[in-house]
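The primary structure of each chain is shown beneath.
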Amino acid sequence: MESELETIYEIINDSSIAYKDRIPADRWKEPYMSMDELQEQINDGVIFYCLEDDLNILGVMGIQDRKDVNLIRHAYVRTDARREGVGGQLLRYLQKDQEKPILIGTWAHAVWAIEFYQKHGFHVVEREEQKRLLKKYWAIPARQVETSVVLADGKYDGK
């Protein structure tokens, strides 16, 4: 049986195929996230939660404490489990009992992801504020800052 880490890796790379041809070509690679990159995320404090049925892990979503906010990181659902409420269940679980604001970064052209988060009460942050937040809380290249958006929950006050 695969380890949980291997399953998380597999789900991320299965699900991320949706980004191919949607994100800038210079940001796409295969695998989308290597095992080393996944381990680096965990070492940097991303805690992954999984939703499973009787047989398989269906989706994964991480949360990362970043001082005065929490970041939702790496939210992925198996391709064959999409549109079954997996992402919503994971997001609600991670939001439960959070006192700090929650921020989410995603690709600007991942319209389906943005709409998903908006459906769950998040709003897109103003563009200049997005750039500031992406530089402050995420360790991503400048090119990714240019091509990403940030969404915030109702607790975020813009400061």
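Keep in mind the model is a prediction, meaning the values are calculated, not measured. (Residues numbered from 1 in each chain as written. Predicted model: local features only at pLDDT ≥ 70, side-chain atom pairs only at ≥ 80, totals over all residues. Heavy atoms only, no water.)

## Structural notes on the overall build of the chain
Of regular secondary structure, the chain possesses six helices and six strands. Secondary structure elements of the chain, listed N to C terminal, follow the sequence α-α-β-β-β-α-β-α-β-α-α-β. In terms of C-alpha radius of gyration, the chain reaches 15 Å, essentially the compact-globule figure of 15 Å for 159 residues. Structurally, the chain occupies a C-alpha span of about 45 × 40 × 30 Å along its principal axes. The long-range share in the chain, meaning contacts at least 24 apart out of those at least 6 apart in sequence, stands at 64%. (Helix = DSSP H or I, 4+ residues; strand = E, 2+ residues; numbered from the N terminus. Rg over C-alpha atoms; globule rule 2.2 N^0.38 Å. Contact = heavy atoms within 4.5 Å.)

## A closer look at the side chain of threonine 106
Among the secondary structure elements, threonine 106 is positioned in strand 4 (residues 102-107). Aside from chain neighbours lying at most four places away, what touches threonine 106 is Tyr19, Ala113, Ile114, Ser148, Val149 and Leu151.

## What to know about the nonpolar core
Counting residues in hydrophobic clusters, the biggest one holds 34 residues, and the most contacted among them are Ile12, Tyr19, Val60, Ile72, Ile104 and Tyr117. Every element with two or more residues in this core is listed here: helix 1 (4-15), strand 2 (57-66), strand 3 (69-77), helix 3 (86-95), strand 4, helix 4 (111-119) and strand 6 (148-152). In terms of residues, this core owes the most to one element, strand 2, which gives five residues. If we skip the residues at most four places from it in the chain, isoleucine 104 touches Ile72, Leu91, Tyr117, Phe122, Trp138, Val149, Val150 and Leu151. (Core = buried A, V, L, I, M, F, W, Y, C linked by side-chain atoms within 4.5 Å. Buried < 20%, exposed > 50% of the residue type's maximum accessible area, 1.4 Å probe, protein only.)

## Side note on the packing of aromatic side chains
Evaluated as defined, the whole model comprises seven aromatic pairs. Each ring, one from tyrosine 49 and one from tyrosine 93, has its centre 5.6 Å from the other, and the planes form 55°; the classification is tilted. Here tyrosine 49, found in strand 1 (residues 47-52), pairs with tyrosine 93, found in helix 3; they are 44 residues apart in sequence, far enough to count as distant. What links up through ring pairs into an aromatic cluster is the set Tyr19, Trp28, Tyr32, Tyr76 and Trp112. Its guanidinium or amino end placed over the ring of tyrosine 32, lysine 29 lies 5.8 Å from that ring's centre, counting from NZ or CZ. (Phe/Tyr/Trp six-rings, centres within 6.5 Å; stacked < 30°, edge-to-face > 60°. Lys NZ or Arg CZ within 6 Å of the ring centre and 35° of its normal.)

## Quick word on the pattern of salt bridges
In total, this model carries nine salt bridges according to the counting rule given. Residue lysine 20 is joined to glutamate 30 by a salt bridge in which the shortest nitrogen-to-oxygen separation is 3.1 Å. Linking lysine 20 in the loop between helix 1 and helix 2 (35-43) with glutamate 30 in the loop between helix 1 and helix 2, this pair joins segments that are ten residues apart in sequence. For lysine 20, a relative accessible area of 35% gives the class partly exposed. (Salt bridge = Lys/Arg side-chain N within 4 Å of Asp/Glu carboxyl O.)

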